[in-house]
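Structural overview for review
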Amino acid sequence: MSTTRLHAAATSSRTTLIVATLAAVAALAACTQPADPSLEPDLGISSAPPATSSSELTVVTHDSFNIPEELKARFAEESGLDVTYVAPGDGGALVNQLILTKDSPLGDVVYGIDNSFSSRAVAEGVIAEYDSPALPATASQFDTEALVPIDFGDVCLNADTAWFDDQGIAVPTTLDDLVKPEYRDLLVVSNPASSSPGLSFLLATIASKGEDGYLEYWNQLVDNGVSVVQGWSDAYYTEFSGADGEGPRPLVVSYATSPAYTVTEDGTESTTEALLGTCFRQVEYAGVIAGAQNEEGAQQFIDFLLSDDVQASIPENMYMYPVTDVELPQEWVEFAPLSENSLTLDPEQISENRDTWIKAWTAEVIG
């Protein structure tokens, strides 16, 4: 027999012996396996720890979170969880609170972090990554690290068209119009340090005027009597004349969808108008809060937010477009179009400069 064949035969014999020996060891191990898993040998194989769970779930949201109570009740019933909702403020305040309390988290799951604050939340380590199986492939355009997209829309200036008609003044159409004398003392905006729509509008001015020109533009707005309030709710429902007719200012930073909620009783027209040449695209996310006591419940809640019933409720309750393919209200088709030319900035640019821009804006505008 040749040396090659001898080597092959020897190898075959050794292989047979090894296989037989391993089989015997496996059989012996099966018979003698300890009942207590803690007594098993450490083979150096690591795995992800199981998700934490609890009978209670705390949902942290911005103060504009509003889905029908019957849907909340259905989630609680079907999940068997005792659900508490906490709203520490607008989108910016929400992220700030998550960061300040990350060593003792406010809750288990968060909704309402938008694309102007999302990178900060992730970088600060307050979000645990979760890929929801309920997220359709068609929403991948909104996907981002760790967070799950829930809705989107355009932050735009809104005008009380009835007020402008009564005063015989043309509705402004561009950012440049806002600094003209005829629009003095007419605009209210929310603070970008505490409001996600406010920050989106600040980003719109940066996208339009550039880093070298946005502060000068804001100085012109200040000279023309712009009013700054803390959050969107104060701006829209208290200061804006178009929400209920009682506010003093006919121009406000809101959403392209807002005119769908000021439609006349006969449904033929809206008394407000979104200025689609002033818009910045906003995406809102949900996420599992790092250190959550109930990660399983948090994941369930995110999947719930992507369910057809919740997604279909978002337009009429939260002024945003759903990220899934559900039917939109007829008023939206007629009165809530998205901007075809939304102003945008690269997310990395926002992440790198957001705090600097806000500090510079605060020093220049608030003083």
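Residues numbered from 1 in each chain as written. Predicted model: local features only at pLDDT ≥ 70, side-chain atom pairs only at ≥ 80, totals over all residues. Heavy atoms only, no water.

**Focus: a negative patch on the surface**
- Taken together, the side chains of Asp-165, Asp-166, Glu-265, Asp-266 and Glu-269 make up a negatively charged region of the molecular surface.
- Among the structural elements, Asp-165 can be located in helix α5 (residues 161-167).
- Taking relative accessible area as the criterion, Asp-165 reaches 61% and is therefore assigned exposed. (Patch = residues over 30% accessible without salt bridge, like charges linked within 9 Å, V, L, I, M, F, W, Y side chains within 5 Å. Areas by Shrake-Rupley, 256 points an atom, 1.4 Å probe, with all protein chains shown as cover. Salt bridge = Lys/Arg side-chain N within 4 Å of Asp/Glu carboxyl O. Lys, Arg positive; Asp, Glu negative; His and termini not counted. Charge placed at Lys NZ, Arg CZ, Asp CG, Glu CD. Helix = DSSP H or I, 4+ residues; strand = E, 2+ residues; numbered from the N terminus. Buried < 20%, exposed > 50% of the residue type's maximum accessible area, 1.4 Å probe, protein only.)

**What to know about the pattern of salt bridges**
- Counting across every chain of the model gives 7 salt bridges.
- Put simply, Lys-102 and Glu-124 hold a salt bridge, and the shortest N to O gap is 3.6 Å. Within this pair, whereas Lys-102 is found in the loop between α3 (91-100) and β3 (109-114), its partner Glu-124 is found in the loop between α4 (118-123) and β4 (127-128), the two being separated by 22 residues in sequence.
- A residue is classified by how much of its surface remains accessible, and Glu-124, at 31% relative accessible area, is partly exposed.
- Measuring nitrogen to oxygen at the nearest pair gives 2.9 Å for the salt bridge that ties Lys-180 to Asp-177.

**Here's the deal with unusual backbone geometry**
- At Asp-185, a residue that is not glycine, the phi angle is positive and equals roughly 65°.
- Although it is not a glycine, Tyr-319 sits at a positive phi angle of roughly 65°.
- Tyr-319 gets classed as buried once you look at its relative accessible area, which sits at 14%.

**Focus on the layout of surface pockets**
- One number sums up the size of the largest pocket: a volume of about 500 Å³.
- If you trace the largest pocket, you find 21 residues lining it, with Asn-115, Ser-118, Thr-144, Tyr-285 and Pro-347 closest to the centre.
- Where the lining of the largest pocket is concerned, the elements lending two or more residues are α4, β9 (272-289) and α13 (347-366).
- Split into classes, the residues belonging to the lining of the largest pocket amount to 10 nonpolar, 7 polar and 4 charged.
- Roughly 180 Å³ of volume is contained in the second largest pocket. (1 Å grid on protein atoms, 1.4 Å probe; cavity = no way out; pocket = protein on both sides within 12 Å on 5 of 7 lines; lining within 4 Å. Points joined across faces, edges and corners; volume = space filled by probe spheres on them. Nonpolar A, V, L, I, M, F, W, Y, C, P; charged D, E, K, R; others polar.)

**Overview of the pairing of strand β1 (residues 56-62)**
- Judged by how many residues are buried, β1 sits mostly within the fold: 5 of 7 residues are covered.
- Where β1 lies against strand β2 (residues 82-89), 6 bridges are found, and the strand directions are parallel. Its bridge partner lying in β2, Val-59 is registered against Tyr-85.
- Considered for its hand, the β-α-β crossover made up of β1, helix α2 (residues 69-79) and β2 is right-handed. (Pairing = 2+ DSSP bridges. Right-handed = clockwise from strand over helix to strand, strands pointing away.)

**Things to note about helix α10 (residues 295-305)**
- Three or more residues of α10 are buried, namely Gly-297, Ala-298, Phe-301, Ile-302, Phe-304 and Leu-305. For α10, the angular spread of the buried residues around the axis is 155°, confining them to a single face. (Arc of directions from axis to C-beta.)

**A look at the nonpolar core**
- Of all hydrophobic cores here, the largest spans 92 residues; its most connected members are Ile-113, Leu-178, Trp-218, Phe-301 and Leu-305.
- If you tally residues by element for this core, the top one is β9, at 7 residues.
- With residues near it in sequence (within four places) discarded, Leu-305 still touches Phe-65, Tyr-111, Ile-150, Ala-286, Val-310 and Gln-311. (Core = buried A, V, L, I, M, F, W, Y, C linked by side-chain atoms within 4.5 Å. Contact = heavy atoms within 4.5 Å.)

**What about the side chain of Ser-195?**
- You can see Ser-195 is positioned in the loop between β6 (187-190) and α6 (196-209).
- Within the structure, the side chain of Ser-195 is placed 2.9 Å from the side chain of Ser-190, a separation counted as a polar contact.
- A polar contact is formed between the side chain of Ser-195 and the backbone nitrogen of Gly-198, at a distance of 3.1 Å.
- Leaving out residues up to four positions away in the same chain, Ser-195 has contacts with Asp-90, Gly-92, Ser-190, Gln-230, Gly-231 and Trp-232. (Polar contact = N/O pair within 3.5 Å; in protein donor to acceptor, adjacent residues only side chain to side chain.)

**Some details on the confidence of the model for the protein chain**
- Confidence in the prediction for the protein chain averages 86 pLDDT; 87% of positions are at 70 or higher.
- The low-confidence segment residues 1-46 (pLDDT under 50) makes 4 contacts with residues lying over four places distant or belonging to another chain. (pLDDT = per-residue confidence, 0-100.)

**Quick notes on helix α11 (residues 308-318)**
- When we look at burial in α11, the residues that qualify are Val-310, Gln-311, Ser-313, Ile-314, Pro-315, Asn-317 and Met-318.
- Looking at the residues trailing α11, positive phi occurs at Tyr-319, about 65°.

**Quick notes on the packing of α6 against α13**
- Closest axis-to-axis distance for the α6/α13 pair is 11 Å, and the angle between their directions is 100°. Looking at the two axes, α6 sits roughly perpendicular to α13. Within the contact between the two elements, α6 uses Leu-199, Leu-202, Leu-203 and Ile-206 and α13 uses Ile-350, Arg-354, Trp-357, Ile-358 and Trp-361.
- Of the residues assigned to the contact of α6 with α13, the class counts are 8 nonpolar, no polar and 1 charged. (Axes fitted to C-alpha atoms, helices over the stretch in contact; angles between N-to-C directions. Parallel < 35°, antiparallel > 145°, perpendicular 65-115°, else oblique.)

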